[in-house]
6 protein chains.
Amino acid sequence: MRFDEAYSGKVFIKSRPTHEDAKAIIFGMPMDWTVSFRPGSRFGPNRIREASIGLEEYSPYLDRHLEDVSYFDAGDIPLPFGNPARSIAMIREYADQIIEKGKFPLGLGGEHLVTWPLIEAIYQKYPDLAVIHIDAHADLRVDYEGEPLSHSTPIRKACEKIGAENVYSFGIRSGGDRDEFRYAEESGLYMAKFEVAKPLKEILPKLAGRPVYVTIDIDVLDPAFAPGTGTAEAGGISSREMLEAIHAIAQSDVHVVGADLVEVAPNYDPTEQTVIAASKFVREILLGWVK
Amino acid sequence: MRFDEAYSGKVFIKSRPTHEDAKAIIFGMPMDWTVSFRPGSRFGPNRIREASIGLEEYSPYLDRHLEDVSYFDAGDIPLPFGNPARSIAMIREYADQIIEKGKFPLGLGGEHLVTWPLIEAIYQKYPDLAVIHIDAHADLRVDYEGEPLSHSTPIRKACEKIGAENVYSFGIRSGGDRDEFRYAEESGLYMAKFEVAKPLKEILPKLAGRPVYVTIDIDVLDPAFAPGTGTAEAGGISSREMLEAIHAIAQSDVHVVGADLVEVAPNYDPTEQTVIAASKFVREILLGWVK
Amino acid sequence: MRFDEAYSGKVFIKSRPTHEDAKAIIFGMPMDWTVSFRPGSRFGPNRIREASIGLEEYSPYLDRHLEDVSYFDAGDIPLPFGNPARSIAMIREYADQIIEKGKFPLGLGGEHLVTWPLIEAIYQKYPDLAVIHIDAHADLRVDYEGEPLSHSTPIRKACEKIGAENVYSFGIRSGGDRDEFRYAEESGLYMAKFEVAKPLKEILPKLAGRPVYVTIDIDVLDPAFAPGTGTAEAGGISSREMLEAIHAIAQSDVHVVGADLVEVAPNYDPTEQTVIAASKFVREILLGWVK
Amino acid sequence: MRFDEAYSGKVFIKSRPTHEDAKAIIFGMPMDWTVSFRPGSRFGPNRIREASIGLEEYSPYLDRHLEDVSYFDAGDIPLPFGNPARSIAMIREYADQIIEKGKFPLGLGGEHLVTWPLIEAIYQKYPDLAVIHIDAHADLRVDYEGEPLSHSTPIRKACEKIGAENVYSFGIRSGGDRDEFRYAEESGLYMAKFEVAKPLKEILPKLAGRPVYVTIDIDVLDPAFAPGTGTAEAGGISSREMLEAIHAIAQSDVHVVGADLVEVAPNYDPTEQTVIAASKFVREILLGWVK
Amino acid sequence: MRFDEAYSGKVFIKSRPTHEDAKAIIFGMPMDWTVSFRPGSRFGPNRIREASIGLEEYSPYLDRHLEDVSYFDAGDIPLPFGNPARSIAMIREYADQIIEKGKFPLGLGGEHLVTWPLIEAIYQKYPDLAVIHIDAHADLRVDYEGEPLSHSTPIRKACEKIGAENVYSFGIRSGGDRDEFRYAEESGLYMAKFEVAKPLKEILPKLAGRPVYVTIDIDVLDPAFAPGTGTAEAGGISSREMLEAIHAIAQSDVHVVGADLVEVAPNYDPTEQTVIAASKFVREILLGWVK
Amino acid sequence: MRFDEAYSGKVFIKSRPTHEDAKAIIFGMPMDWTVSFRPGSRFGPNRIREASIGLEEYSPYLDRHLEDVSYFDAGDIPLPFGNPARSIAMIREYADQIIEKGKFPLGLGGEHLVTWPLIEAIYQKYPDLAVIHIDAHADLRVDYEGEPLSHSTPIRKACEKIGAENVYSFGIRSGGDRDEFRYAEESGLYMAKFEVAKPLKEILPKLAGRPVYVTIDIDVLDPAFAPGTGTAEAGGISSREMLEAIHAIAQSDVHVVGADLVEVAPNYDPTEQTVIAASKFVREILLGWVK
């Protein structure tokens, strides 16, 4: 091999060399400034890439190979430390470009607040957008101790933007107070508590044909399966159920137009199992949702 | 805020400032001197308190908020290193005071031997006491290599004190020898092997109206869910099943008069998932059992 | 006690002092030179021994005690670093001796390639041998980037030696490419994807009376239950299902003539839960399969 | 002992029960929102308290016992996540109260930016204040990528407030660019590169009689001695040299009027040696500087 | 190789197969029941053995090879959990046998209390015994909170047995209270604070020709060099200074008649550097002191 | 910013985008197949790159900024697992290209055997080459248990190729047997045991004007400073002494024509201090040696 052609830098395995011939764009959003408990999701995207080295390229679940789908790993957006407002503006601008070129944005967090500008950007193109939200936490607060830009508010913001009746939450087992759950009930938002795969399979037919954005917070998994996250919450689902959910979406008739996987904080998990699981989820998303 | 009113020291979240206006008393028993495999549960109570910072205060399982229940975290009893007999005497004396004031004792271990003086103290007040014992280990030994004060003997002692027919063990998947299991069979003790939630739901109606003490050894969970414990034992239950058990007791007609959660040894778990799970169990116990 | 009789060195608990009065021989194969992702299974055998200290000697699953079965822990074979060919030859020679003496070989890996010489050795004695293969990975490659001696090839080699129709794989959820799965389909090999206990119980009656070799790759477990392995793969089975599989074999009519447990890499698991689970599996194998 | 008198919560060992009879006030500032590399110093103060349990109460260096000095551990200031401006305002207000009561503020960080409001508060009372700054980093930036409230700016701010000629930096071995070092040279600030104890002993006589504030960034130590910090920097001093520096100040004629110890991020150090060292430094500061 | 000759179990490298042809006996004392801070030294001896695999067998410091010295690793004494009195009696009896046979006892701890019965046993044979004590802690307490059998008392007991003027302590930088240091001054015990190699080289000529027992507490090293210990204490010596001390003794004219290395608690050190250093110290002790 | 210009993948900070305008080429050699103790240096190069994010770009030691030197990080050479011979051939071919283009090769290991093909390649261009070898181990074996391609042989091979009198070893404190040290003495090789900076400063003037290749094994540092390495060896130098050595070479009159830094195995160091130190060494090498 020639030295000027060696594997240059670390990207998700099988990334195409440029964005031109790629249908999907993987990008990291290394932001964790508003996290209330354990920070560190800023290191999530790169460790997910690193763990992808250990993945097989073929999925026996979907009988597809990573070479069957084209994507470009664009690296991390260089977000400014401690400045949520500017970070969100940068993510928004970045996502706008991807969408403008007709590509599938696949964002890696970072804290959950990064989902907000992504949904805004997608919604502009798809006014009939639905959001599938898979998470341990409702994230429906108006603000967090007075701060509207918080990792516990993005789904509330999404509801207010696209209509709560277009938001479907799964796996919720924690929320800050009764108000979040009361809002869920009164606003028309769909919420499946504790479970993911079963209620999702019931909802998917109702969304057939619609453009859907999917946001996955890794903490929907039990800490046994994903200890490397900021706000781990006991009582969650297994990696197997998460895979089942990804495959259910892949085999449904919804039209996935963008997705993110957030809150992977690798430093709390010396076993690396969280990034190993997350990189497998990314592979299955690429193979199943990017068409 | 005024500096002399700042959050002073570390207690379980939402602890009342004094015991006077509290129904339940949380207290730590940092003792691990008789542990045969991996010591370290002496650090359990304080790390459970620390992890409580990451908890939401509202439970969507029980639709209750920590402000709906009054409790005081009294800190750890200063037990003497390496002296099981004196430690047990101190715990007994401590528990007597709590019970005398009509409060609910909620003890955090420490090794399982600490349960013995707690049951003794409770039994004095409630002669018709039943004990629900949730654990990977039978803990029915008469002694451990000649030593009657051992972490593998407390349930045997309880049986001899309150009558084996009043003790109900769940989740048992390990025991030192056939004698423990033979004793279980012959003594009239109820033992559900391997499982917890299902058999518990069958037993609870039989205990309706009775005063019940509940002791939970964190190692009933599979090490996947609670690696931070001294004698981890593969093949256990999930955090979800543990929550299901806590909620089943909460919704039953038994009269819980005291409880403990023992054998959390945080140093074996750098992911902190064990204390994160334990602090959630404590929250649900407070919300569900303290009435 | 006399100082010249003290517990001398570290072996699996209750190992007999010499091989003469032992039915089974435990031995380690500390080899990981062809591992593609995370090396370190060379340390597996000794840490499994160390964790056996924390085991109870009695199994409530099988109602048997380790004193009911005779085995000798012979230590590790001193394999040459970085030389797969010589290592395999040494394992083969070693296994031949055990089999010649009519003893049950129970090998601890080490990478999965060590299984290949063990199957060869057993097959020489039992020409009607069947192999039960429990693993996350198909391990059916002809070679790995041109190298036929690789940790991803042993089951392919076994198929070619004893006939693919005599190989039964369980729990497979990963493979390098379509070719492995196509080979599985076309060759007559039995493969149960994703699950272990249920399909195994269906197959066992068909193998009644036959000599069977069982190879277990610890990575069949989900990383939640066994993070300490080289190529962890999300979406696996629980420790409980693994125990169920071991017990199903124990209670079946197959004639287990040898076994191995491979790919335990303890350094990736500071919680030690992987070696704790593995040592329990070894105990149940000894109690259930050595007759 | 009586249960309502048990050790209630976790404070630095030998803390007095109230602030009234205390000369010094220990308080935590759990803020890390502007950290550019590894966040997590928000957990520093509580883990330093926890590690103090392992300390002996007597110092053979100073021949003093913790009972010889009175201090109150007031807990952590509840700072708002992700909001540097409000956090700094709260710290300022908090410090003002301590100083007003004539007490010695001993702050535990948190990121280094917390030093800025402390110096402001102290300076108001002592217009002839000098600052001793012990750190790996110059922290002399005007801003960090446009953000003036950054963990790399507090010493620049201090220079501008109290005059660069009143600031003495020791141990500096890193800085963002030439500008920081050029500013150091041109502004009149004293800077000792790489070393601490030797240059400090030369400077202390010049400061005799003056009120001095001392700020210690734990990263002045080599990562070998303090791996648990956000921006670890190889090539630092030993714990022994840090102790030597603390004792040199204790035995000098300067009048220490306040101090802080910042940037302890315990999650990066599973050995706990960073908090163990930090808690010893706090003990020696209490014994040596609070008079 | 023949399978019945394989490396059987885990012993310190190059251990002779039986004690008969060995001059020195290595044995473990896995006891940590009286430890006040972080327990776990019970696992020290076996992890030191395991780390010895990574050692070279030749010492360029002493120009000797492990084959030049004969020793037998007898394994661990099976001490009863939580029973200090019986444990000490067993160690005493065990040591008596070794000494009776004229062999060199080299004990591995375990907590420092194990040194007490070893000194008693040696003293019986050598009434003119001197003790070299290398440690961070004075260990001169009469009792610990009323308990005379504590890890902080063994040197006091030794002083009372063999005369304080025959005890030489080095590296001491911590003690419970002034009384320990006052006792040191008044009793005639020699104590070098903070340093080891330099004062030791001054003392060794005074001990020429005398029988000497050497006890090394690993916590004399700074936690940077030995984080895996129960009561880590910042400000200690380096591994290099420890080696220098061992070599100074080796090259002196004292007659070393026994030694121990205690307080290695491997679970606090995931880097394994503590056991790696300890195993090297054991090698140098074997090569330098066993003559 | 435009999404197709985002930071693409992970390289050493400030790497130029292509090799054309770069004087030096950084490349990884992720090979650890012949390691005898703890494998894992295959992950070294990428974690050094990752840690470079935390570095400041300016060096106060050398008063130079990373923008003052041009280099290209070419990524890792994709070496075949478990095949030392082919790996070495690939490295050789790769290095030949770099040298042919007149660029400075800066290789990151990987095990020390990778140094051998690099020296061969450089020597072809510079027949009067001298080698500076900084390491804990002599690496002078002819073979390792019969295997000539071993991590303990590269310096022997270098001696035989370029003449032992042209090889200068520093910091050596371990070797497999007397033969290595006897060879050192008899062959004319220069060896400074235990120390690095002082003897190096004595030797450098003798090498003035000569082309010099420098190979640094990270294990020359004490495990306190670099625990993340395969064969950690207590008694080493500090990070500060390593920096002093790098700067001494930078300020000397030797003509450095290539260099490597090997044996960084990040998984043994959860504190990340080893890669943090290594990335700083790389920065100083770039700033000081590439002219």
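Residues numbered from 1 in each chain as written. Chains lettered and ligands numbered in written order. Predicted model: local features only at pLDDT ≥ 70, side-chain atom pairs only at ≥ 80, totals over all residues. Heavy atoms only, no water.

What follows is about the overall build of chain A. When you go through chain A residue by residue, the secondary structure sums to eight helices and 10 strands. Since a compact globule built from 291 residues should have a radius of gyration of about 19 Å, the 18 Å found for chain A is in line with a globular shape. Dimensions of chain A, computed from C-alpha atoms along their principal axes, come out at roughly 60 × 40 × 40 Å. Here the contacts in chain A between residues at least 6 apart in sequence split such that 78% fall between residues at least 24 apart. Surface accessibility of chain A: about 8,200 Å² in total, with carbon and sulfur atoms responsible for 47%. (Helix = DSSP H or I, 4+ residues; strand = E, 2+ residues; numbered from the N terminus. Rg over C-alpha atoms; globule rule 2.2 N^0.38 Å. Contact = heavy atoms within 4.5 Å. Areas by Shrake-Rupley, 256 points an atom, 1.4 Å probe, with all protein chains shown as cover.)

The relative placement of two packed helices is expressed as an angle between their axes plus a distance between the axes. Residue and element names in this part refer to chain B. Running from N to C, helix α3 (residues 115–125) and helix α4 (residues 154–162) point in directions that differ by 20°, and their axes come no closer than 9 Å. Comparing their axes, α4 and α3 come out roughly parallel. Both α3 and α4 take part in a crossing whose hand is right-handed. For the pair formed by α3 and α4, the contact residues are W116, I119, E120 and Y123 on the first element and P154, K157, A158, K161 and I162 on the second. Considered class by class, the residues forming the contact of α3 with α4 number six nonpolar, no polar and three charged. (Axes fitted to C-alpha atoms, helices over the stretch in contact; angles between N-to-C directions. Parallel < 35°, antiparallel > 145°, perpendicular 65-115°, else oblique. Left-handed = near helix turned anticlockwise from the far one by under 90°. Nonpolar A, V, L, I, M, F, W, Y, C, P; charged D, E, K, R; others polar.)

What follows is about unusual backbone geometry. Between G109 of chain C and the following residue, G110 of chain C, the backbone shows a cis peptide bond with an omega angle of 5°. Within the secondary structure, G110 of chain C sits in the loop between β5 (104–109) and α3 (115–125). Unlike most non-glycine residues, E272 of chain E shows phi in positive territory, near 70°. Take E272 of chain E: it is sitting in the loop between β10 (255–262) and α8 (273–289).

With that settled, the discussion passes to the sheet that holds strand β4 (residues 71–76) of chain F. Adjacent strands of a sheet form backbone hydrogen bonds with each other and so pair up, either parallel or antiparallel. Residue and element names in this part refer to chain F. One open sheet accounts for eight strands, arranged β4-β1-β5-β10-β9-β6-β7-β8; its pairing is parallel. Across the chains shown, the open sheet's two edge strands, defined by having one partner strand only, are β4 and β8 (190–193). Averaged over neighbouring strand pairs, the angle between their axes works out to 15° when direction is ignored. Pairing geometry for strand β5 (residues 104–109) and strand β10 (residues 255–262), over three bridges, is parallel. From the neighbouring strand, L108 faces β10, where its bridge partner is L261. Where helix α2 (residues 84–100) meets the sheet, it contacts β1 (24–29), β4 and β5, and its direction lies at approximately 175° from that of β1. The sheet contacts of helix α4 (residues 154–162) involve β6 (130–134), β7 (167–172) and β9 (211–217), and relative to β7 the element is tilted by about 160°. (Pairing = 2+ DSSP bridges.)

Of the transformation superimposing chain B on chain C, the axial component is 0.0 Å and the angular component is 120°, with the fit at an RMSD of 0.0 Å. The relationship between the two copies is best expressed as a three-fold rotation axis. Judged by C-alpha distance, A224 of chain B is the residue of chain B that lies nearest the rotation axis, at 3.0 Å. When you check the interface residues of chain B against chain C, a mere 11% turn up at the interface there too, and the two sides of the contact use different surfaces. (Least-squares fit on C-alpha atoms with pLDDT ≥ 70 in both.)

This part is about the environment of L129 of chain A. All names here are of chain A. Counting through the fold element by element, L129 comes out in the loop between α3 (115–125) and β6 (130–134). Accessibility expressed as a relative area gives 1% for L129, which makes it buried. On a C-alpha basis, the gap between L129 and D143 in space is 24 Å, while along the polypeptide they are 14 residues apart. Not counting residues within four places of it along the chain, the set of residues in contact with L129 comprises I119, I122, Y123, I162, N166, R210, P211, V212, Y213 and V257. (Buried < 20%, exposed > 50% of the residue type's maximum accessible area, 1.4 Å probe, protein only.)

Contact with chain B, which involves 28 residues of that partner, is made by 25 residues of chain C. Of all residues in chain B, F37, R178 and A234 of chain B bury the most surface against chain C, accounting for 27% of the area lost on that side. Remark: the boundary between chain B and chain C carries five salt bridges. Notably, a salt bridge pairs D63 of chain C with R178 of chain B, separated by 3.4 Å at the nearest N-O pair. Seen at the junction of chain B and chain C, the total is nine residue pairs in polar contact (both at pLDDT 80 or more). The class makeup of the residues in the side of chain B that touches chain C is 12 nonpolar, seven polar and nine charged. (Buried area = accessible area lost by both parts, 1.4 Å probe. Salt bridge = Lys/Arg side-chain N within 4 Å of Asp/Glu carboxyl O. Polar contact = N/O pair within 3.5 Å; in protein donor to acceptor, adjacent residues only side chain to side chain.)

Attention shifts here to the UniProt feature "binding site: Mn(2+)" (unreviewed entry) in chain A. Feature annotation in UniProt places "binding site: Mn(2+)" (unreviewed entry) on H112, D135, H137, D139, D217 and D219 of chain A, given in this structure's numbering. Over a stretch of 108 residues, the named residues converge on one spot in the fold, their C-alpha atoms separated by at most 12.2 Å. Along the polypeptide, H112 of chain A turns up in the loop between β5 (104–109) and α3. If we ignore the near neighbours within four places in the chain, the residues touching H112 of chain A are H133, D135, D139, H151, P154, T215, D217, V262 and E263 of chain A. Here H137 of chain A shows up in the loop between β6 and α4 (154–162). Discounting residues that sit within four places of it in the chain, H137 of chain A has contacts with I172, S174, D219, T231 and E233 of chain A together with E56 of chain B. (UniProt positions renumbered as here; feature names shortened; annotations may be inferred.)

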